[in-house]
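Descriptive analysis of the structure
Each chain, written out:
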Amino acid sequence: MKGLLGRRQRVLRVRHVQHAMAVAETARARDEADGIARNSDRLRRVRGDLFSTQGAATGASFAAMQELASRLEQAGRQLDGALYDARRKVEAKEAIGLATNREKEIAVRLKDRAHAALEEWRENRLAALPRYRRMQRTGDA
């Protein structure tokens, strides 16, 4: 009986560590997605500010700004794809986190059940002893 409780406690510790790792990975994935989103927003602001210069622009500088705008637009599309992938990764990590949390809760219930079974086994064993032995065991003598 004691061995079963020890095994259940070990399983619970493992499940707890697995859940903590899943939560950390989810947080890391969220941070990555947030960073990509911030970069995408900055890139859009830079592109928007590109043509807000006041005054006349020469043909060469206008062509350079258009080239830069097209490159910024391409980079923005790439960041949008990366952001989509990062958000999908966050969803996958959250699903893993939910699964590990469920496993941890199951392990807690199994450990509690094993603990209750051990206590019941001890009580039954104590009840099976003769009265004078029970008093010696419990310290009533």
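You'll find the structure just up there.
The notes below deal with the structure included here. Computed from a prediction, not measured in an experiment: that's the story for all the values here.

Next up on the list: the nonpolar core. Formed by Ala 29, Ala 33, Ile 36, Ala 37, Leu 43, Leu 72, Leu 79, Leu 83, Ala 86 and Val 90, the largest nonpolar core amounts to 10 residues. Within the residue set of this core, elements represented by two or more residues are helix H1 (2–50) and helix H2 (59–128). Discounting chain neighbours no more than four positions away, the residues touching Ala 37 are Leu 83 and Arg 87.

Opposite charge on two side chains makes pairing possible when the charged atoms of those side chains draw close. Going through the model one piece at a time under the given rule, you end up with 9 salt bridges. For Lys 111, the salt bridge is made with Asp 112, and the minimal N-O distance between the two is 3.6 Å. The shortest N-O distance in the salt bridge between Glu 119 and Arg 122 comes to 3.3 Å. With a gap of 3 residues between them, Glu 119 and Arg 122 both fall in helix H2, about one helical turn apart. Classification of Arg 122 as partly exposed rests on a relative accessible area of 36%.

A few words now on the side chain of Thr 100. Assignment of secondary structure puts Thr 100 in helix H2. The exposure class of Thr 100 is buried, given its relative accessible area of 13%. A polar side-chain atom of Thr 100 sits 2.9 Å from the main-chain carbonyl oxygen of Gly 97. Beyond its immediate stretch of four places on either side in the chain, Thr 100 contacts Gln 18, His 19 and Ala 22.

Time to look at the environment of Arg 109. For Arg 109, the position within the fold is in helix H2. Its relative accessible area of 47% is what places Arg 109 among the partly exposed residues. Sequence separation between Arg 109 and Arg 45 is 64 residues, and the spatial gap between their C-alpha atoms is 52 Å.

The next subject is the packing of H1 against H2. At a closest axis distance of 6 Å, the pairing of H1 and H2 adopts a crossing angle of 165°. By the angle class used here, H1 and H2 are roughly antiparallel. Helix-helix and strand crossings are classified by hand; for H1 and H2 the assignment is left-handed. Grouping the constituent residues of the contact of H1 with H2 by class yields 28 nonpolar, 12 polar and 18 charged.

Calculation notes
- Residues numbered from 1 in each chain as written.
- Predicted model: local features only at pLDDT ≥ 70, side-chain atom pairs only at ≥ 80, totals over all residues.
- Heavy atoms only, no water.
- Core = buried A, V, L, I, M, F, W, Y, C linked by side-chain atoms within 4.5 Å.
- Buried < 20%, exposed > 50% of the residue type's maximum accessible area, 1.4 Å probe, protein only.
- Helix = DSSP H or I, 4+ residues; strand = E, 2+ residues; numbered from the N terminus.
- Contact = heavy atoms within 4.5 Å.
- Salt bridge = Lys/Arg side-chain N within 4 Å of Asp/Glu carboxyl O.
- Polar contact = N/O pair within 3.5 Å; in protein donor to acceptor, adjacent residues only side chain to side chain.
- Axes fitted to C-alpha atoms, helices over the stretch in contact; angles between N-to-C directions.
- Parallel < 35°, antiparallel > 145°, perpendicular 65-115°, else oblique.
- Left-handed = near helix turned anticlockwise from the far one by under 90°.
- Nonpolar A, V, L, I, M, F, W, Y, C, P; charged D, E, K, R; others polar.

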